[in-house]
Amino acid sequence: MHSPVTIIGAGIGGLVLARVLHVHGIPATVHEAESSLTERTQGGMLDIHDYNGQLAIEAAGLMDEFRAIVVEGRQTLRVLGRDGTVLFEKGDDGTGGRPEVQRGELRQMLIDSLPAGTVRWGRKVTGARALGDGRHEVTFAGGGTVVTDLLVGADGAWSRVRPLLSDAVPEYAGRSFVEVYLFDADTRHPAAAKAVGGGSMIVPSQGREIFAHRARGDTLHTYVTLTEPQEWFAAVDFTDAAAAAERVAREFDGWAPELTALITDGDTAPVLRPHYTLPIGHRWDRVPGVTLVGDAAHLVAPNGEGANLAMLDAAELGTAIAAYPDDVEAALTAYEQAMFVRPTEEVVFEGAAVLGIDSRDNTARGPTDLITGTGR
């Protein structure tokens, strides 16, 4: 290839792609809107699956580095009833296929594996346009452009690269997370810490769920899921942390106090995380010189697979580019043909069904059966 691959977005997918290309001796530049890795909170734990995310880590040649950042014991999973009763628990004996890592540590691992200067921080894309013959020009806020023979959008739900390929726009999925952290939980929030246990906890209910997991140390990371229209959330004043927490917790009246404490006793202000999706089966006609990975290509509501699929997209794209060094279009065609069908073929994350539990007869029995393998 006569010019570096240009990757937009230094999330997990964009960084895996850059690393796999580097392994194959192919230069790439990653442009990221954020000013640095630490500009914002990097999120909580990610379970990296042996059937997709770990395959990408292997392709990137980073399995030893990956194992070094795995947080032991965090594959423990429990399902609780609304009264706090433990309905099911699966321990972590170290043999599970979904080891947990901190998102920020995984991202740092990938950045450390790249040549200095690969990631260009503070490069917010404002637009991209085709120049013909597979070449594209990318424009950045504050001035500056780059012209590339191969442009990859790894820039998430609101991708600035996607319009080169598709008119699809993400739509609200009908539910949202409200995110809260509790620090020093074992000493300051012992009842909540005991409820969550050593790994992840799920409390399913029709249209209202509580998910929590234990991050590194004794930090608890809570995701409250509410199935409500956007107008409902607009009526909640999230600029007033106490009022917002109280309003969200009101939806869980009657639940065990150690569960509602995961909302009301937060050490951070509640943060609203709406869920958006692209159309099921989203795809596009082959456009020379440009493609997408991860959420930019196939955004879905959180189901435990998003980061893993982005990593697998990136690894397979990088491998395809290396396999067709003199034929970019052959590489992109091979990659897209596999990627387009992947979301419907992947094994579903064992907690994914919980995220969509909205039926009238929903109880914790459904997810328990799924987790234990007794359900259909």
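Residues numbered from 1 in each chain as written. Predicted model: local features only at pLDDT ≥ 70, side-chain atom pairs only at ≥ 80, totals over all residues. Heavy atoms only, no water.

### Here we look at the overall build of the protein chain
Alright, step 1. For the protein chain, the helix and strand inventory stands at 14 helices and 17 strands.
Alright, step 2. Here the protein chain holds 376 residues, and 52% of them are scored as buried.
Alright, step 3. Sequence separation of at least 24 residues holds for 72% of the intrachain contacts in the protein chain that already meet a minimum separation of 6.
Alright, step 4. Surface accessibility of the protein chain: about 16,300 Å² in total, with carbon and sulfur atoms responsible for 50%. (Helix = DSSP H or I, 4+ residues; strand = E, 2+ residues; numbered from the N terminus. Buried < 20%, exposed > 50% of the residue type's maximum accessible area, 1.4 Å probe, protein only. Contact = heavy atoms within 4.5 Å. Areas by Shrake-Rupley, 256 points an atom, 1.4 Å probe, with all protein chains shown as cover.)

### Focus: the nonpolar core
Alright, step 1. Ile7, Val16, Phe66 and Leu106 are the most contacted members of the largest nonpolar core, which has 61 residues in total.
Alright, step 2. Apart from the residues lying within four places of it in its own chain, the contact partners of Leu106 are Ile12, Leu46, Ile48, Ile57, Phe66, Ile69, Val101 and Met311.
Alright, step 3. Membership of the second largest hydrophobic core comes to 29 residues, among which are Val224, Val236, Leu259 and Leu262. (Core = buried A, V, L, I, M, F, W, Y, C linked by side-chain atoms within 4.5 Å.)

### Points about the packing of helix α1 (residues 12–23) against helix α4 (residues 103–112)
Alright, step 1. Put simply, α1 and α4 touch, their axes get as near as 9 Å, and they point 25° apart. Regarding the angle of α1 to α4, the classification is roughly parallel. Here the hand of the crossing between α1 and α4 comes out left-handed. Counted together, Ile12, Leu15 and Val16 of α1 and Arg103, Leu106, Arg107, Leu110 and Ile111 of α4 form the full contact between these two elements. (Axes fitted to C-alpha atoms, helices over the stretch in contact; angles between N-to-C directions. Parallel < 35°, antiparallel > 145°, perpendicular 65-115°, else oblique. Left-handed = near helix turned anticlockwise from the far one by under 90°.)

### Some remarks on the packing of aromatic side chains
Alright, step 1. Following the criterion strictly, the structure yields seven aromatic pairs and no others.
Alright, step 2. Between Trp232 and Phe233 the ring centres are 5.0 Å apart and the planes differ by 75°, which places this aromatic pair in the edge-to-face class. You'll find Trp232 and Phe233 in the same group, each marked buried.
Alright, step 3. Aromatic side chains Trp284 and Phe340 sit 4.9 Å apart centroid to centroid with 85° between the ring planes, which places their arrangement in the edge-to-face category. Taken as a pair, Trp284 in the loop between β16 (271–277) and β17 (290–292) and Phe340 in helix α12 (residues 328–345) lie far apart in primary sequence, 56 residues in all. The residues Trp284 and Phe340 share a single accessibility class, namely buried.
Alright, step 4. Here a set of aromatic residues connected by ring pairs shows up, and it is made of Trp158, Tyr172 and Tyr276. (Phe/Tyr/Trp six-rings, centres within 6.5 Å; stacked < 30°, edge-to-face > 60°.)

### A word on the pairing of strand β1 (residues 5–8)
Alright, step 1. Residues Val5 and Ile7 point to one face of β1 and Thr6 and Ile8 to the other, with burial holding for every one of them.
Alright, step 2. With four bridges joining them, β1 and strand β2 (residues 28–31) adopt parallel strand pairing. Note that in β2 the partner of Ile8 across the bridge is His31.
Alright, step 3. By the bridge criterion, three bridges tie β1 to strand β11 (residues 151–153) in an arrangement that is parallel. (Pairing = 2+ DSSP bridges.)

### Thoughts on the side chain of His275
Alright, step 1. In this fold, His275 is placed in strand β16.
Alright, step 2. If we skip the residues at most four places from it in the chain, His275 touches Glu171, Tyr172, Ala173, Arg175, Ser176, Phe177, Ala301 and Pro302.

### What about the environment of Val20?
Alright, step 1. Here Val20 shows up in helix α1.
Alright, step 2. Measuring from C-alpha to C-alpha, the distance between Val20 and Ala315 comes to 6.1 Å, with 295 residues separating the pair along the chain.
Alright, step 3. For Val20, the residues in contact, after removing those within four places along its chain, are Ala59, Ala60, Ala315, Gly318 and Thr319.

### As for the sheet that holds strand β8 (residues 125–132)
Alright, step 1. Spatial ordering of the open sheet is given by β8-β9-β10, a layout of three strands whose pairing is antiparallel. In this open sheet, the two strands that pair with only one neighbour each are β8 and β10 (145–148). Between one strand axis and the next, the sheet turns through 20° on average, direction left out of account.
Alright, step 2. In this structure, β8 lies alongside strand β9 (residues 135–140), joined through six bridges in antiparallel fashion. Each bridged residue has a counterpart across the sheet, and for Ala128 the counterpart in β9 is Val138.

### Observations regarding unusual backbone geometry
Alright, step 1. At Asp133, a position not held by glycine, the phi torsion is positive, near 60°.
Alright, step 2. Turning to its location among the elements, Asp133 is positioned in the loop between β8 and β9.
Alright, step 3. Asp133 sits in the exposed class, given a relative accessible area of 83%.
Alright, step 4. The backbone of Asp184 sits at a positive phi, close to 50°, despite the residue not being glycine.
Alright, step 5. With respect to the secondary-structure elements, Asp184 resides in the loop between β12 (171–182) and α5 (185–188).

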